[in-house]
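Each chain is listed here by its residues.
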Amino acid sequence: MLKPVTTDVEALKILEERLRWLSAWTIHHANHVRESDDGLKVGGHQASSASMTAIMAALYFHALGPNDRVAVKPHAGPALHAIHYLLGSQSRAALENFRGFGGAQSYPSRTKDKIPVDFSTGSVGLGVAITLFASLVQDYLTAHGRMDEADCGRFVALIGDAELDEGNIYEALIEGYKHDVRNLWWIVDYNRQSLDATSADRMFERFDEIFSSCGWRVVELRHGKRLKAALGKHPKLQAWFETLPNADLSALHYQGGAAWRSRIEAELGKAATPFLKEHDDAALASLFSDLGGHCMETLVEAFDAAQDDVPTLFIAWTIKGYGLPFAGHKDNHAGLMNPTQMAALRETMGVREGSEWEPLEGVGGNARTGVEALIDRSRIAREKRARSFGAVDIPAISAPAGDEQSTQAAFGRILLDLSKAGGDLADRVVTTSPDVTVSTNLGAWVNQRGLFRRSEMADVFAQAKIASAQKWSGSNKGQHIELGIAESNLFLMLAAAGLSGDLFGTRLFPIGTLYDPFIARGLDALNYACYQDARFLLVATPSGITLGPEGGAHQSINPPLIALGQPGLRHYEPAFADELAAMMELAFRLIDDPDGESTYLRLSTRSIRQVERQSDDWRDGALKGAYWLCTPGPATEAAIVAMGAVMPEALAAWEELSEDVPGLGLLAVTSPDLLHRGWTAAQAARWQGERKPSHIEELLSALPRHAGLVTLADAAPASLSWLGGVFGQRVAPLGVEKFGQTGSLADLYAAYRLDGAAITEAVAEVLLSA
Ligand SMILES: Cc1ncc(C[n+]2csc(CCOP(=O)(O)OP(=O)(O)O)c2C)c(N)n1
Ligand SMILES: [Mg+2]
């Protein structure tokens, strides 16, 4: 029977039970009650949710303030849905459709769920680390006077213990220490089980040292109050209990009271007799289940005691599947209760058959009044807490002057000009780079706008009057966040800054620079940023084998293919500075546009002659993904299709071949990604009866169907070879398919078939096979 509520803690305990029931029932309903039309297993994580329900009840109904933000362990998603169901911000229909189309998502999703989700989670480790970067963004905004201290909150990550194996957490930890991060609570659900098995004992002893040495306070919540009191009276039992290996502890939790008894008898003998006499089997099981992460008093006390801004790691001992029949079983990660077990749980939790969805089922009398009052008092908002923020004026961005330029140098120049011109956009730009600020041409911007540091950082070299082109002093007004060499951190920084509108009500325009091949190093974090609809400009430079003498380790091949398959990120690869300026202007608009997206610019250090433009006609096409640099004649047999830094080779070949191939066209591609998207979208629209051709269809329809295309890119040739699929025109694809190496451009373009000779041969090939 439920006891009457006398304090908040009693109400919190009832809420914990409600969360445990509702999360288990939501999963059960999706798997065993709801009709299945495809026979696929629906799944869900009853054990992982039950492990956290006390922690989450204590947080959401006691500790969290309205400005706090939480990244919830992905497989505790059902518990988060249950919390919002109790708060009235989640609908029963969404729960009934858990893991169904349009229903509550398996793992909390900012964009798909209708409840307030501060950070999406799913790929373990990333949700933890983004909280750290979000706290840094909060510090940045307050330092810049864009946010009041009073509106600041704490960033909380709910972490699985096996999740702590993800290296990106430690990359973030190191970066966080450098920036003196604060206002963080990371709460480990230490159930000592992963997906496959029980987790390693040895490593866990080291985690607190790792965090402490990075300036964190580590709070271990090992015992609940009852267990602590009992063990305090029996020191030998305490020593025995605390040295039990993870696997043994889990197995004993699963086996229950009788197993505890016989194990204690066997290992402690007579010393344990008085203790065992005081407890029957049920009492033993209950006592040893009273771990810190399940004891409401312990949790509330611990949260109440950590009210300063020191980053804090709570290690809350728990049992995976707490209160469920497979508690502690090493195989319980994806375990589902069967209908008989669920019915038994329903009985023990006082839930009437048919009333399973009643939010406060089984909570009567005084207890209900207290629980309802607590829910009402709960300080987290019921509505989605997206902050409103006004649109930002984006000025026209023009290309720097110069007959010969590289896109990378032009990028640096455009930012410098933006900084000098000043204005709202310039003040809202925040740049960041993983130790390649100077080599990606951000230096001039940083000289102007300074490094961001919460406390002043002198430029020692400047003070000593040592000549340097880089001025690296830091202050709380600086606009560049310098990161160590950890590309995953770059993307998480961009993700957090790119959510500043939603999270903090202030739009930032984050620009991150890195070397193009190292996108792959942080790729999951980049995908994670896009998945949450964070908005930023990613500038990857330099790229391709055009990076000659740097050699194969720095020459990127496949990022355009990555971009082709990455939702939420548009790839542009300009050849000329004026294209780049137009793309940057649009990228800023897209950051601020509710229906916009992030942009990836693939740039080069190769300085090339700029084209003379007769008009602005190219601009619209360049922003849509391609335009005719040399318009094809009506009956031409072929066209050269080129992208980015190899445009001079394409232009030279076009000039050379034009006499022999009358009407030869040259198509400048600026975004295979946009062309492909437009092409598939137009096909989908045709199914709906809309007959508008896509941009690439319009462009290629200037050529006869039997014409051949020679595609050329300093990247995997598949980036452009698919163009043959649009109208079935023949394609000779040129590009890079083997790892690069050192060499002059002439050597490399010849060896990798990107030069004039290769283009001539390829044109001959498509003409001959006509
Ligand atoms: C990057 C990544 N790799 C693998 C997985 C698959 N996965 C989901 S949960 C899990 C185990 C998590 O264990 P733990 O963090 O201890 O959480 P618990 O369920 O025990 O609370 C794994 C391997 C994932 N979601 N993300
Ligand atoms: Mg675990």
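Residues numbered from 1 in each chain as written. Chains lettered and ligands numbered in written order. Predicted model: local features only at pLDDT ≥ 70, side-chain atom pairs only at ≥ 80, totals over all residues. Heavy atoms only, no water.

Visitor: Quick question: what am I supposed to make of the overall build of the protein chain here?
Guide: Per the secondary structure count, the protein chain includes 34 helices and 20 strands. Dimensions of the protein chain, computed from C-alpha atoms along their principal axes, come out at roughly 100 × 70 × 50 Å. Across the protein chain, every contact between residues at least 6 apart in sequence was considered, and the portion connecting residues at least 24 apart equals 77%. Split by element, the accessible area of the protein chain, about 30,100 Å² in all, is 52% carbon and sulfur. (Helix = DSSP H or I, 4+ residues; strand = E, 2+ residues; numbered from the N terminus. Contact = heavy atoms within 4.5 Å. Areas by Shrake-Rupley, 256 points an atom, 1.4 Å probe, with all protein chains shown as cover.)

Visitor: I tried to follow a nonpolar patch on the surface on my own but got confused; where do I start?
Guide: Together, Val460, Phe461 and Ile466 line one region of the surface with nonpolar side chains, adding up to about 310 Å² of accessible area. Along the chain, the position of valine 460 falls in helix H21 (residues 460–463). Under the relative-accessibility criterion, valine 460 is labelled exposed at 56%. (Patch = residues over 30% accessible without salt bridge, like charges linked within 9 Å, V, L, I, M, F, W, Y side chains within 5 Å. Salt bridge = Lys/Arg side-chain N within 4 Å of Asp/Glu carboxyl O. Buried < 20%, exposed > 50% of the residue type's maximum accessible area, 1.4 Å probe, protein only.)

Visitor: Hey, could you run me through the site of ligand 1 in this one?
Guide: Lining the immediate environment of ligand 1, one finds 18 residues, of which Ser48, Lys73, Asp161, Gln193 and Lys320 sit closest. Within the side chain of aspartate 161, an N or O atom sits 2.6 Å from an oxygen atom of ligand 1. Glutamine 193 places a main-chain nitrogen or oxygen 2.8 Å from an oxygen atom of ligand 1. Protein chains bury 74% of the 590 Å² of accessible surface belonging to ligand 1 in isolation. Grouping the amino acids of the shell around ligand 1 by side-chain chemistry returns 3 nonpolar, 9 polar and 6 charged. (Near = heavy atom within 4 Å. Polar contact = N/O pair within 3.5 Å; in protein donor to acceptor, adjacent residues only side chain to side chain. Nonpolar A, V, L, I, M, F, W, Y, C, P; charged D, E, K, R; others polar.)

Visitor: Would you explain the pattern of salt bridges in this entry?
Guide: Pairs can form between side chains of opposite charge whenever their charged atoms are close. Evaluation of the coordinates by the stated rule reveals 42 salt bridges. Close ionic contact of glutamate 579 with arginine 613 constitutes a salt bridge, the shortest N to O distance being 3.6 Å. Pair noted here: glutamate 579 is in helix H26 (residues 577–592) and arginine 613 is in the loop between strand E15 (608–609) and helix H27 (617–624), with a separation of 34 residues, a long-range link. Classification of glutamate 579 by relative accessible area gives buried; the value is 2%. On the accessibility criterion, arginine 613 (23% relative accessible area) is partly exposed. One network of salt bridges, in which partners are shared, links Asp139, Asp180, Arg182, Asp309 and Arg454.

Visitor: Looking at this model, I keep getting lost on the coordination of the magnesium ion (ligand 2). Mind explaining?
Guide: Working reference: metal with six octahedral donors, ideal angles 90 or 180 degrees; metal with four tetrahedral donors, ideal angle 109.5 degrees. The protein atoms that coordinate the magnesium ion (ligand 2) are Asp161 (OD), Asn191 (OD1) and Gln193 (O), at distances of 2.0 to 2.2 Å. Mapped onto the polypeptide sequence, the residues donating to the magnesium ion (ligand 2) form the spacing pattern D-x29-N-x1-Q. With aspartate 161 in the loop between strand E2 (155–160) and helix H7 (167–178) and glutamine 193 in the loop between strand E3 (184–190) and helix H8 (201–213), this residue pair connects regions lying 32 residues apart in the sequence. Across the pair, glutamine 193 and aspartate 161 agree in class, each one buried. (Donors = N, O, S within 2.8 Å, 3.2 Å for Na, K, Ca; no water.)

Visitor: How do you make sense of the layout of surface pockets when you look at a structure like this?
Guide: Rolled over the atoms, a probe as big as a water molecule pinpoints where empty space is left. There is about 1,100 Å³ of room inside the largest pocket. Tallying contributions element by element places helix H1 (residues 8–33) first for the lining of the largest pocket, with 6 residues. Classifying every residue of the lining of the largest pocket by side-chain character gives 18 nonpolar, 10 polar and 10 charged. Considering only enclosed or pocket space, the second largest pocket measures out at about 540 Å³ in volume. Residue lining of the second largest pocket: 22 residues in total, with Val611, Glu612, Arg613, Gln614 and Leu629 positioned closest to the centre. At 5 residues, helix H28 (residues 647–657) tops the list of elements feeding residues into the lining of the second largest pocket. (1 Å grid on protein atoms, 1.4 Å probe; cavity = no way out; pocket = protein on both sides within 12 Å on 5 of 7 lines; lining within 4 Å. Points joined across faces, edges and corners; volume = space filled by probe spheres on them.)

Visitor: What is the right way to look at the sheet that holds strand E16 (residues 626–630) in this model?
Guide: The strands making up a sheet are joined through hydrogen bonds of the backbone, oriented either antiparallel or parallel. Read across the open sheet, the 5 strands follow the order E16-E18-E17-E19-E20; overall the sheet is mixed. Where the open sheet ends on each side, the last strands, each with one partner, are E16 and strand E20 (730–734). On average, adjacent strands in this sheet sit at an angle of 25° to one another, irrespective of strand direction. Both strand E19 (residues 708–713) and E20 contribute to a ladder of 5 bridges, which runs parallel. Of the residues in E20, the one forming a bridge with valine 710 is alanine 732. Strands E16, strand E17 (638–643), strand E18 (665–669) and E19 of the sheet are contacted by H28, whose axis makes an angle of about 160° with E17. (Pairing = 2+ DSSP bridges. Axes fitted to C-alpha atoms, helices over the stretch in contact; angles between N-to-C directions.)

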